[in-house]
Amino acid sequence: MRFDQRLADKLDAAMLELLLPEDAVESLGRWLADPEGGKRYAKGTGPHTIPYSPSSWMGVAPWPVTFADRMAIQSAYVSRADVVAAVTAACQSENWREAFVATQVWGYGDRGYGPFRTGQVLAQPDADVVIADAVSLLRYQGPVAAYEKLNTADGLGPAFFTKYLYFAALALPKVTGLCPLILDSVLAEVLRRHATRLGRAVGYEWSEAIAKRIWRDGGWTSHRYDVYLRWMHAANDQLAARLVGWPAAPDVLELALFSGAWNPA
């Protein structure tokens, strides 16, 4: 089947109108109530923690001033709250390179290739300009414009530069438009399955083929990121209205879907 943007737009419109089905609301509610699941995030995603090896980042600079001493310990943990603090500190001096490094440490965690890939990105001649301009665009034009800017960076894919946008927005006093969220292949797979199922339910026999294209594993356009943000924010509003105690911040939904709290068949 040849890709047809009109069909993609129809599928997007259905998703934005119908949002989450009842089984999703129920599954996400159970996740939030589970002490081993989402209950720890009832007040936000700050405690979400990732293991990493500080010493493996010795060749990457500048090192976030609030992070563990790379010379002192071999293993450590970094939470979303830790990254927000590091990015906030970097914002005060507009050291966007340091802010970027903080987000990538959390993003890669203990994957050994993280420092090498981050170093490759920062070695690009225009790296500092791109990551600084993205923050300016986020402030004054919104996340889609910032996404387009970062999408020009060599060696930096959306799964990792949306982490930079997400944490930068939390550290900045104000941004334009919807707050950015992380989009990676795990989130895209959930939305691909959801779009396929929803499309079939409303009579779109072509929904699987279109969903596979628009919610593929990477390389999403800025338009796709815009649809993602609008759907996530609206779906989170739906959950906040339906579930007692569901947090207003949509990054909780992002974490829930990433954690497998709902798996549309």
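Note that the structure is predicted; figures quoted are calculated from it, not measured. (Residues numbered from 1 in each chain as written. Predicted model: local features only at pLDDT ≥ 70, side-chain atom pairs only at ≥ 80, totals over all residues. Heavy atoms only, no water.)

Caption draft 1: Looking closely at the overall build of the protein. Per the secondary structure count, the protein includes twelve helices and two strands. Mapped in sequence order, the helices and strands of the protein form the string α-α-β-β-α-α-α-α-α-α-α-α-α-α. The C-alpha radius of gyration computed for the protein amounts to 19 Å, which stays within 12% of the reference 18 Å derived for 265 residues, consistent with globular compactness. In terms of principal-axis extent, the alpha carbons of the protein reach across some 60 × 45 × 35 Å. A burial count over the protein gives 51% of its 265 residues as buried. (Helix = DSSP H or I, 4+ residues; strand = E, 2+ residues; numbered from the N terminus. Rg over C-alpha atoms; globule rule 2.2 N^0.38 Å. Buried < 20%, exposed > 50% of the residue type's maximum accessible area, 1.4 Å probe, protein only.)

Caption draft 2: Geometry of the side chain of Gln238. Turning to its location among the elements, Gln238 is positioned in helix H11 (residues 222–242). When its relative accessible area of 16% is taken as the criterion, Gln238 is described as buried. The residues touching Gln238, leaving out its near neighbours within four places in the chain, are Leu19, Leu20 and Val25. (Contact = heavy atoms within 4.5 Å.)

Caption draft 3: Spatial organisation of the nonpolar core. Residues Leu28, Tyr228 and Trp246 are the most contacted members of the largest nonpolar core, which totals 93 residues. The leading source of residues in this core is helix H8 (residues 158–171), at ten residues. If we ignore the near neighbours within four places in the chain, the residues touching Leu28 are Leu20, Leu239, Leu243, Trp246, Leu253, Ala256, Leu257, Ala261 and Trp262. (Core = buried A, V, L, I, M, F, W, Y, C linked by side-chain atoms within 4.5 Å.)

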